[in-house]
Amino acid sequence: MMNKKRINTILLGAFCSVAVLAPTTSYAKDKPKLSQSTYDIESKVVEWRRHIHENPELSNREFETAKYITKHLKSLGLEIQTEVAHTGVIAILKGAKPGPVVALRADMDALPVKERTPVSFASKVMAEYNGEQVPVMHACGHDTHVAILMGVAEVLTGMQNELAGTVKFIFQPAEEGSPVGEEGGAELMVKEGVLENPKVDVVFGLHISSGMDVGTIGVKPEGIMAGVDDMKITIKGKQSHGSTPWNSVDPIVTSAQIINGLQTVVSRHMHLTNSPAVVTIGSIHSGVRSNIIPEKLEMLGTVRTFSQADKEKTRKLITEKAELIGKSMNAKVEVQIPYSSNYPVTFNNVALTQQMLPTLESVVEKVNIIKPITGAEDFSFFAKEVPGLYFFLGGKPKDTPASEAAAHHTPDFFIDESGMKYGVEALTQLTLDYMKLQQK
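Residues numbered from 1 in each chain as written. Predicted model: local features only at pLDDT ≥ 70, side-chain atom pairs only at ≥ 80, totals over all residues. Heavy atoms only, no water.

Novice: Please give an account of the pattern of salt bridges that cites residues and values.
Specialist: A complete count under the given rule lists 21 salt bridges for this structure. Here Arg315 makes a salt bridge to Asp229, at a shortest N to O gap of 2.7 Å. In this pair, Arg315 is assigned in helix α6 (residues 308-328) and Asp229 in strand β12 (residues 227-236), connecting sequence segments 86 residues apart. A relative accessible area of 1% places Asp229 in the buried class. Where Lys296 meets Glu298, a salt bridge forms, and the shortest distance between an N and an O atom there is 3.6 Å. In this structure Lys296 comes out as partly exposed when scored by relative accessible area, which is 41%. (Salt bridge = Lys/Arg side-chain N within 4 Å of Asp/Glu carboxyl O. Helix = DSSP H or I, 4+ residues; strand = E, 2+ residues; numbered from the N terminus. Buried < 20%, exposed > 50% of the residue type's maximum accessible area, 1.4 Å probe, protein only.)

Right, dumping it as structure tokens:
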């Protein structure tokens, strides 16, 4: 069981309500030395972050970002592999003593969002996305993840003689999803053997949060982020003039009935006190004129669950409801789920989370045990193969109310850079402590 001392509910911006976990004993006996190393490198981490933020690149197109990372890793004398899963970079640091292989992961890609923040290093980059020129911004903090892991690589390289094991630094492309028709991200990295040669024993990762105070960490054993399927529902009817709807099989009216029916998948079939779920339709395309009932309609949506059983249950219910409602309207309905993406639940190994919790508590002012988040993360593909621990790192200025913090994936997304040093220290200390624990 997790430590349950001093439980209080608080709110952390757009993410979730949490329980505050009181500090416990830390394994981090060399923390003062490590804290000094983190302090010494902080200005570099900020500089790296600003460069990456000002030069963002979309998924599977992180060419210059990869070169920037590689240059730094080469300066450290690490064993490097490039062009993994298109643009990914892997570096290996072998400690002076034998021990486990610890993987540390950072994602590199940005988003098609136009930046609106007042910072001097704001992005002005334009790039092609789905055939169109769009503005590009690091609107989810991946620039901070890269800079943090670059810092961890430098700190741990300086401690190579003290390492009892091997560290594998994974700089991953396309966490936000590959372009249409392409593979990418963590799933492709796993396919290409990133967790082998040497075989990884455990993987750690973090995500900066614009809604959590600097100096805090949010974590949860078991499912911390949802598994996700996207879906496509195609409705085929019969076209007619808008003035004679009785001659049609109307796919638009049918879609309305299906959307209403899908609301009952969660509200009437899922045990919400045990496992949350989300079914959302986000896109509908049909018709060209006000006076023509079209022949065909397409809907796109997302489904989020926290277990494989719930994933299978929602797939079955969505398909049955859509097809039967379509049949009642004399329309033909085709359901594709998953349509193009299928992420597992981001699952924190329970034993590993409990084992490493004191390490996290030694780094920041407060560790919060959070409720599950319905967003998804392809770190889940790594944690599906080996024990994983994924946590959220506070990036909100303390004097900014959580209600006023701009959400992720928005033009005003903002991170207080003073929080990044805690990320460097957390990943570094997790690595050191895990290696020490395996020697006992």
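Novice: Go over the packing of aromatic side chains, please, and point to the residues and values.
Specialist: For the structure on display, the rule yields five aromatic pairs. Judged by centre distance (5.9 Å) and plane angle (80 degrees), the rings of Tyr390 and Phe392 are edge-to-face. Pairwise contacts between aromatic rings join Phe379, Phe382, Tyr390 and Phe392 into one cluster. (Phe/Tyr/Trp six-rings, centres within 6.5 Å; stacked < 30°, edge-to-face > 60°.)

Novice: So, the pairing of strand β9 (residues 202-213): which residues are in play, and what are the values?
Specialist: Successive side chains on a regular strand alternate, one facing one side of the sheet and the next facing the other. In terms of burial, β9 is largely enclosed, as 11 of its 12 residues are buried. Relative to strand β21 (residues 388-396), β9 is paired through eight bridges, and the arrangement is parallel. Counterpart to Asp213 in the pairing with β21 is Lys396. (Pairing = 2+ DSSP bridges.)

Novice: Account for the environment of Ala106, with residues named and values stated.
Specialist: Within the element layout of this structure, Ala106 appears in strand β5 (residues 97-107). Residues Ala106 and His207 lie 101 residues apart in sequence; the distance between their C-alpha atoms is 8.6 Å. With sequence-adjacent residues up to four places away left out, Ala106 is seen in contact with His145, Val146, Leu149, Ile170, Phe171 and Gln172. (Contact = heavy atoms within 4.5 Å.)

Novice: An account of the nonpolar core is requested, with residue identities and associated values reported.
Specialist: Formed by 67 residues in total, the largest nonpolar core has its most connected members in Leu104, Phe169, Phe171, Phe204 and Leu427. If one sorts the elements of this core by residue count, helix α9 (residues 420-438) sits on top with 10 residues. In this view, Leu427 contacts Leu104, Ile148, Leu149, Val152, Phe204, Leu206 and Phe391; residues no more than four positions away in its chain are not counted. Val84, Leu188, Val203 and Met225 belong to the second-largest nonpolar core, a separate cluster that totals 28 residues. (Core = buried A, V, L, I, M, F, W, Y, C linked by side-chain atoms within 4.5 Å.)

Novice: Tell me about the packing of helix α3 (residues 142-157) against α9, and name the residues and values.
Specialist: Pairs of packed helices are described in terms of their axes, by the angle between the two and the distance that separates them. Their axes nearest at 9 Å, the elements α3 and α9 cross at an angle of 50 degrees. Relative to α9, the element α3 is oriented oblique. Between α3 and α9 lies a crossing whose hand is right-handed. In contact with Thr144, Ile148, Leu149, Gly151, Val152, Val155 and Leu156 of α3, α9 contributes Met420, Gly423, Val424, Leu427, Thr428, Thr431 and Leu432. For the contact of α3 with α9, a count of residues per class yields nine nonpolar, five polar and no charged. (Axes fitted to C-alpha atoms, helices over the stretch in contact; angles between N-to-C directions. Parallel < 35°, antiparallel > 145°, perpendicular 65-115°, else oblique. Left-handed = near helix turned anticlockwise from the far one by under 90°. Nonpolar A, V, L, I, M, F, W, Y, C, P; charged D, E, K, R; others polar.)

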